[in-house]
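Each chain, written out:
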Amino acid sequence: MQIPLILYEEQRARWPRTGKHILAHSDDEHIVVYQAYRPSIAQYAVEHGTFRGCDEFSLTRMTWIKTSFMWMMYRCGWASKPKQEAVLAIWLKREGFEEILRQAVQSSLREDGEVEDGVAQREWKKRVEKSDVRLQWDPDHGPNGGKLSRRAIQLGLRRNVLDRFLDEWIVRIEDITALVKEQHECLAAGELHRLCTPIEAVYSPKDAAVSTSIGLDSTSDQ
């Protein structure tokens, strides 16, 4: 179950240019999410198929997953940032990812950080405190780090959902650090036309109500 690649420029032409979209590699049963760690944590996760039991992995802190390869590359600096030198592709059960989306509460009430109503703000804060999943829509980025108009999803897991992520939903963990470094060499050489990235397409939750609750935009408007 190795993640397949495609020329970045070829698939970029098919992606929405603006809006909130989940770009991901997925099939009917699985979806791939990304995380970056120090090498010792990554090695443990690959060998054991979970982070459970790794002394360096904190069960009390929120752990964040990303579906967009390019956003992960921006976040970890193509595996160059401290404590993010190893990049993992984590194959999740699709049903588990759908449950994560179902429980997600946005980290801010509105994108601009404003609130229109004191009662709404109080209710939102209660939901955030109770939720085991935080959702953030961050600007997506191109290969060289440039900010795009399109938004990428980031999901923070804690408590019960984190336990289920570790024990129930992970199918396989693949260390793709070598791939990351190899492809970054294309950028360093100014050869964007040679850059290959994991095949990704717009992911649509099976439950339309979930799409609405997390604020997904329609691709028909692109």
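Residues numbered from 1 in each chain as written. Predicted model: local features only at pLDDT ≥ 70, side-chain atom pairs only at ≥ 80, totals over all residues. Heavy atoms only, no water.

Chemist: In this structure, what is going on with the overall build of the chain? I would like to understand it.
Modeler: Within the chain, the regular secondary structure consists of 8 helices and 12 strands. The C-alpha atoms of the chain give 17 Å as radius of gyration, which agrees with the globular expectation for 222 residues (17 Å, within 12%). A principal-axis box enclosing the C-alpha atoms of the chain has dimensions of 55 × 45 × 35 Å. For the chain, the residues scored as buried account for 47% of the 222 residues in total. For the chain, contacts bridging at least 24 residues in sequence account for 78% of all contacts bridging at least 6. (Helix = DSSP H or I, 4+ residues; strand = E, 2+ residues; numbered from the N terminus. Rg over C-alpha atoms; globule rule 2.2 N^0.38 Å. Buried < 20%, exposed > 50% of the residue type's maximum accessible area, 1.4 Å probe, protein only. Contact = heavy atoms within 4.5 Å.)

Chemist: What should I look at first to understand helix 6 (residues 159-169) in this one?
Modeler: In an α-helix, one full turn covers 3.6 residues, which means residues spaced three or four apart are oriented alike. Those residues of helix 6 that fall on the buried side of the exposure criterion are Val161, Leu162, Phe165, Leu166 and Trp169. Each buried residue of helix 6 lies within a common arc of 135° when the element is viewed along its axis, so the set occupies one face. (Arc of directions from axis to C-beta.)

Chemist: Just checking my understanding: could you explain the layout of surface pockets for this structure?
Modeler: Over the atoms rolls a probe the size of a water molecule, and its path tells where empty space is left. Approximately 570 Å³ is the volume found for the largest pocket. Around the largest pocket, the lining comprises 19 residues; the ones closest to its centre are Ala36, Tyr37, Arg61, Met62 and Lys83. Of all the secondary-structure elements, those providing two or more residues to the lining of the largest pocket are strand 4 (30-37), strand 5 (63-66) and helix 3 (69-76). Here the residues of the lining of the largest pocket sort into 8 nonpolar, 5 polar and 6 charged. (1 Å grid on protein atoms, 1.4 Å probe; cavity = no way out; pocket = protein on both sides within 12 Å on 5 of 7 lines; lining within 4 Å. Points joined across faces, edges and corners; volume = space filled by probe spheres on them. Nonpolar A, V, L, I, M, F, W, Y, C, P; charged D, E, K, R; others polar.)

Chemist: What exactly am I supposed to notice about the packing of aromatic side chains here?
Modeler: To describe a pair of aromatic rings, you give the distance between the ring centres and the angle between the ring planes. Going through the model one piece at a time under the given rule, you end up with 8 aromatic pairs. Aromatic pair Trp71 and Tyr74: ring centres 6.3 Å apart, planes at 65°, arrangement edge-to-face. Of this pair, Trp71 and Tyr74 both sit in helix 3, separated by 3 residues, roughly a single helical turn. Judged by its relative accessible area of 6%, Trp71 falls in the buried class. Under the relative-accessibility criterion, Tyr74 is labelled partly exposed at 38%. (Phe/Tyr/Trp six-rings, centres within 6.5 Å; stacked < 30°, edge-to-face > 60°.)

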